[in-house]
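Architecture at a glance
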Amino acid sequence: AQKITQTQPGMFVQEKEAVTLDCTYDTSDPSYGLFWYKQPSSGEMIFLIYQGSYDQQNATEGRYSLNFQKARKSANLVISASQLGDSAMYFCAMTLRSGGGADGLTFGKGTHLIIQP
Amino acid sequence: DTAVSQTPKYLVTQMGNDKSIKCEQNLGHDTMYWYKQDSKKFLKIMFSYNNKELIINETVPNRFSPKSPDKAHLNLHINSLELGDSAVYFCASSQWETNTGELFFGEGSRLTVL
């Protein structure tokens, strides 16, 4: 079974600094997808970024980038120039079948990020 | 227009009662899910349906019964509610064949059992 590990329960970061949120995963399946979701205090789940296991380049979406190190089985999220609105829970997640199915996502325990002015 | 909508958003009830949460998606997806988020914010899949067929049924008490009348709807009925059922329940949807397998989440339904 797949497993996602997020080792940082909480982080405090100064506004405008870059942030790296750690995520490691464990699977023996060669085909998988990795995701990051943001959950602000209002509770909704917001999709941020996706990386497929066969993607050659690291994914980027605006201020978000995913540092994908396949050999290390890590998929860290990097947020550049952090803003107060980035304060939220961040979840790393994985699906075994990159490209669909009904397996859903397996989530890590999350990192609570607080941006300080 | 809300893509995945859940009702009710908040539910407060007594132990032993029966309650239902409804979910509807207008994204044209064929796969829907229920996730439970506990007090420590951990998200765990409970059920998944593809075209009204149950695909995933995790180790969930049989007091929880999902029902999918069509591929746009997935409801969750809970019998004999217990204190430990207090959580936020998220409905989500996706498309079986897709580029990524991304899940689209509803806003969540916060269930409090007293």
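The present account deals with the structure reproduced in this document.

Conventions used here
All residue numbers refer to position in the chain's written sequence, counted from 1. Working convention: letters from A go to chains and numbers from 1 go to ligands, in the order in which they are written. Under the rules for a predicted model, residues below a pLDDT of 70 receive no local features and side-chain atom pairs below 80 are neither given nor counted, while totals for whole chains, interfaces and linings still include all residues. Excluding hydrogens and water, the side-chain values take into account all heavy atoms of the structure. Residues count as neighbours in contact if any of their non-hydrogen atoms are within 4.5 Å of one another. Take the accessible area each of two parts loses on contact, using a 1.4 Å probe, and add the two losses: that sum is the buried area. We define a salt bridge as a contact between a side-chain nitrogen of Lys or Arg and a carboxyl oxygen of Asp or Glu at a distance within 4 Å. N or O atoms within 3.5 Å of each other form a polar contact, as long as, within protein, one can give a hydrogen and the other can take it, and as long as residues adjacent in sequence are counted only when both atoms are side-chain atoms. The helix count covers DSSP runs of H or I at least four residues long, the strand count covers runs of E at least two residues long, and both are numbered beginning at the N terminus. In this count, Pro and Cys sit with the nonpolar residues alongside Ala, Val, Leu, Ile, Met, Phe, Trp and Tyr, while Asp, Glu, Lys and Arg are called charged and the others, Gly among them, polar. Type-normalised accessible area, obtained with a 1.4 Å probe on protein chains alone, sets the label of each residue: buried when under 20%, exposed when over 50%, and partly exposed for intermediate values. Strand pairing is defined by DSSP finding a minimum of two bridges between the two strands. Each Phe, Tyr or Trp ring (for Trp, its six-membered ring) is paired with any other whose centre lies within 6.5 Å, and the angle between the two planes then decides the class: stacked below 30 degrees, edge-to-face above 60, tilted in between. Every angle, taken between N-to-C directions, lies between 0 and 180 degrees, and every axis is a line fitted to C-alpha atoms, over only the stretch in contact when it is a helix. For this text, the term disulfide refers to a pair of cysteine sulfurs within 2.5 Å.

Before going further, it helps to spend a moment on the interface of chain B and chain A. At the junction of the two partners, chain B supplies 25 residues and chain A supplies 22 residues. Of the roughly 1,800 Å² buried at the junction of chain B and chain A (both faces included), carbon and sulfur atoms supply 59%. At the junction of chain B with chain A, the criterion picks out zero salt bridges. Run the count over chain B and chain A and you get three residue pairs in polar contact (both at pLDDT 80 or more). Elements represented by at least two residues in the side of chain B that touches chain A include exactly β4 (31–37), β5 (43–50), β6 (53–57) and β9 (87–94) of chain B. When the residues that make up the side of chain B that touches chain A are grouped by side-chain class, the tally is eleven nonpolar, ten polar and four charged.

Turning next to the side chain of Ser 68 of chain B. Residues and elements named next belong to chain B. Residue position: Ser 68 is located in strand β7 (residues 64–70). Polar side-chain contacts of Ser 68 include one of 3.0 Å to the backbone oxygen of Asp 70. Within the structure, the side chain of Ser 68 is placed 2.9 Å from the backbone oxygen of His 73, a separation counted as a polar contact.

With that settled, the discussion passes to the pairing of strand β12 (residues 111–116) of chain A. All names here are of chain A. Side chains of β12 alternate between two faces, with Thr 111, Leu 113 and Ile 115 buried and His 112, Ile 114 and Gln 116 left unburied. Sheet analysis places strand β10 (residues 88–95) next to β12, joined by three bridges and oriented antiparallel. Within β12, the residue paired with Tyr 90 across the bridge is Thr 111.

Before going further, it helps to examine the packing of aromatic side chains. Applying the stated criterion across every chain yields a total of 15 aromatic pairs over all chains. Seen from their ring centres, Tyr 37 of chain A and Phe 105 of chain B are 5.4 Å apart, and the 85° between their planes marks the pair as edge-to-face. Here the residue Tyr 37 of chain A occupies a position in strand β5 (residues 33–39), and Phe 105 of chain B occupies one in strand β10 (residues 104–105), the pair thus bridging two chains. Judged by centre distance (6.1 Å) and plane angle (90°), the rings of Phe 90 of chain B and Phe 105 of chain B are edge-to-face. Here the residue Phe 90 of chain B occupies a position in strand β9, and Phe 105 of chain B occupies one in strand β10, the gap between them amounting to 15 residues. Taken together, the aromatic side chains of Phe 35, Tyr 37, Phe 47, Tyr 50, Phe 91 and Phe 107 of chain A together with Tyr 33, Tyr 35, Phe 90 and Phe 105 of chain B make up a single cluster linked through ring pairs.

Quick look at the sheet that holds strand β1 (residues 4–7) of chain B now. All names here are of chain B. Ordered in space as β1-β3-β8-β7, the four strands form an open sheet in which the pairing is antiparallel. Two strands bound the open sheet, and with one partner strand each, they are β1 and β7. Each strand of the sheet is rotated relative to its neighbour by a mean of 15°, with strand direction disregarded. Here β7 pairs with strand β8 (residues 73–78) via five bridges, running antiparallel. From the neighbouring strand, Phe 64 faces β8, where its bridge partner is Ile 78.

By the definition in use, this model includes two disulfides over all chains. Two residues, Cys 23 of chain A and Cys 92 of chain A, share a disulfide whose sulfurs are 2.0 Å apart. Of note, the bridge from Cys 23 of chain A to Cys 92 of chain A carries an S-S torsion of about -65° and is left-handed in sense. Here Cys 23 of chain A is found in the loop between β3 (19–21) and β4 (24–26), whereas its partner Cys 92 of chain A is found in strand β10, with 69 residues between them in sequence. Overall, the relative accessible area of 0% leaves Cys 92 of chain A in the buried class. Between Cys 23 of chain B and Cys 91 of chain B runs a disulfide, and the two sulfur atoms are separated by 1.8 Å. Residues Cys 23 of chain B and Cys 91 of chain B are joined through a disulfide that is left-handed, its torsion about the S-S bond being -80°. With Cys 23 of chain B in strand β3 (residues 19–25) and Cys 91 of chain B in strand β9, this residue pair connects regions lying 68 residues apart in the sequence.

Any two side chains of opposite charge can pair if their charged atoms end up close together. Residues and elements named next belong to chain B. According to the stated counting rule, one finds six salt bridges over all chains in the structure shown. Residue Arg 63 is joined to Glu 82 by a salt bridge in which the shortest nitrogen-to-oxygen separation is 3.5 Å. With a gap of 19 residues between them, Arg 63 in the loop between β6 and β7 and Glu 82 in the loop between β8 and β9 connect regions that are remote in the sequence. For Arg 63, a relative accessible area of 13% gives the class buried. Classification of Glu 82 as partly exposed rests on a relative accessible area of 43%. Via salt bridges that share partners, Arg 63, Glu 82 and Asp 85 belong to a single interconnected network.

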